[in-house]
Amino acid sequence: MKHLKFLFPVLLCTLLLGLSSCKETNADRLRAMRGDWESIKNRPAFTLFEENGQYRVTTYRKTYRGTIQTETYQISERDGNLFIETGLSVLLTYDKENDRILLSPGGEYKRSNQPIKK
């Protein structure tokens with residue numbers, strides 16, 4: 001009985017440590033999200049990439065003159081959530097099963113099959 005009282009907490013701690021190591025981190029999500037994304041509802045496309053250990057988003061918008069205007073923003077993490085720092089914080093959520101990104105506000109994005117014209 002003494003061995004069981006000692007063994008149970010040890011096994012419980014081992015199980016909890018094992019489960020916590022299986023949990024996907026934001027760094028894993030960001031690695032999976034790298035690439036070109038296009039909007040479902042005709043919003044500006046963007047590219048998510050890593051530069052010097054920092055993740056960034058570059059948006060591409062076509063102007064009335066036909067030129068491409070780009071803006072780059074940094075991605076930050078607060079309280080376990082990912083945000084794009086645009087002056088306002090845009091919440092970035094990734095649906096791994098459907099390979100979709102949801103920006104709040106900003107709409108839903110799917111992975112682009114073709115590279116974005118830069």
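Structure report, in brief. (Residues numbered from 1 in each chain as written. Predicted model: local features only at pLDDT ≥ 70, side-chain atom pairs only at ≥ 80, totals over all residues. Heavy atoms only, no water.)

## Thoughts on the pattern of salt bridges
Here is step 1 of the chain: All told, the structure shown has eight salt bridges when counted by the stated rule.
Here is step 2 of the chain: Across the salt bridge formed by Asp-28 and Arg-31, the nearest N and O atoms sit 3.0 Å from each other. Taken together, the residues span about one helical turn, with Asp-28 and Arg-31 both in helix α2 (residues 26–33) at a distance of three residues.
Here is step 3 of the chain: According to the relative accessible area criterion, Arg-31 is partly exposed, its value standing at 41%.
Here is step 4 of the chain: For the salt bridge of Arg-78 with Glu-85, the shortest nitrogen-to-oxygen distance reads 2.7 Å. (Salt bridge = Lys/Arg side-chain N within 4 Å of Asp/Glu carboxyl O. Helix = DSSP H or I, 4+ residues; strand = E, 2+ residues; numbered from the N terminus. Buried < 20%, exposed > 50% of the residue type's maximum accessible area, 1.4 Å probe, protein only.)

## Side note on the packing of aromatic side chains
Here is step 1 of the chain: Following the criterion strictly, the structure yields two aromatic pairs and no others.
Here is step 2 of the chain: Geometrically, the ring pair formed by Trp-37 and Tyr-94 is edge-to-face, given 6.3 Å between the ring centres and 85 degrees between the ring planes. Placement of the pair is Trp-37 in strand β1 (residues 35–39) and Tyr-94 in strand β6 (residues 89–95), with a sequence separation of 57 residues. Pair check on accessibility: Trp-37 and Tyr-94 agree, each one buried.
Here is step 3 of the chain: Here the basic side chain of Arg-78 rests over the ring of Phe-83, its NZ or CZ set 4.4 Å away from the ring centre. (Phe/Tyr/Trp six-rings, centres within 6.5 Å; stacked < 30°, edge-to-face > 60°. Lys NZ or Arg CZ within 6 Å of the ring centre and 35° of its normal.)

## Quick notes on the nonpolar core
Here is step 1 of the chain: Grouped together as the largest cluster of nonpolar side chains are 17 residues, with contacts concentrated most on Met-33, Leu-48, Ile-75, Leu-92 and Ile-101.
Here is step 2 of the chain: Elements supplying a minimum of two residues to this core: α2, β2 (45–51), β3 (54–62), β4 (68–78), β5 (81–85), β6 and β7 (100–104).
Here is step 3 of the chain: The element that contributes the greatest number of residues to this core is β6, accounting for three residues.
Here is step 4 of the chain: With sequence-adjacent residues up to four places away left out, Ile-75 is seen in contact with Leu-30, Leu-48, Tyr-55, Arg-56, Val-57, Leu-82, Phe-83, Ile-84 and Leu-92. (Core = buried A, V, L, I, M, F, W, Y, C linked by side-chain atoms within 4.5 Å. Contact = heavy atoms within 4.5 Å.)

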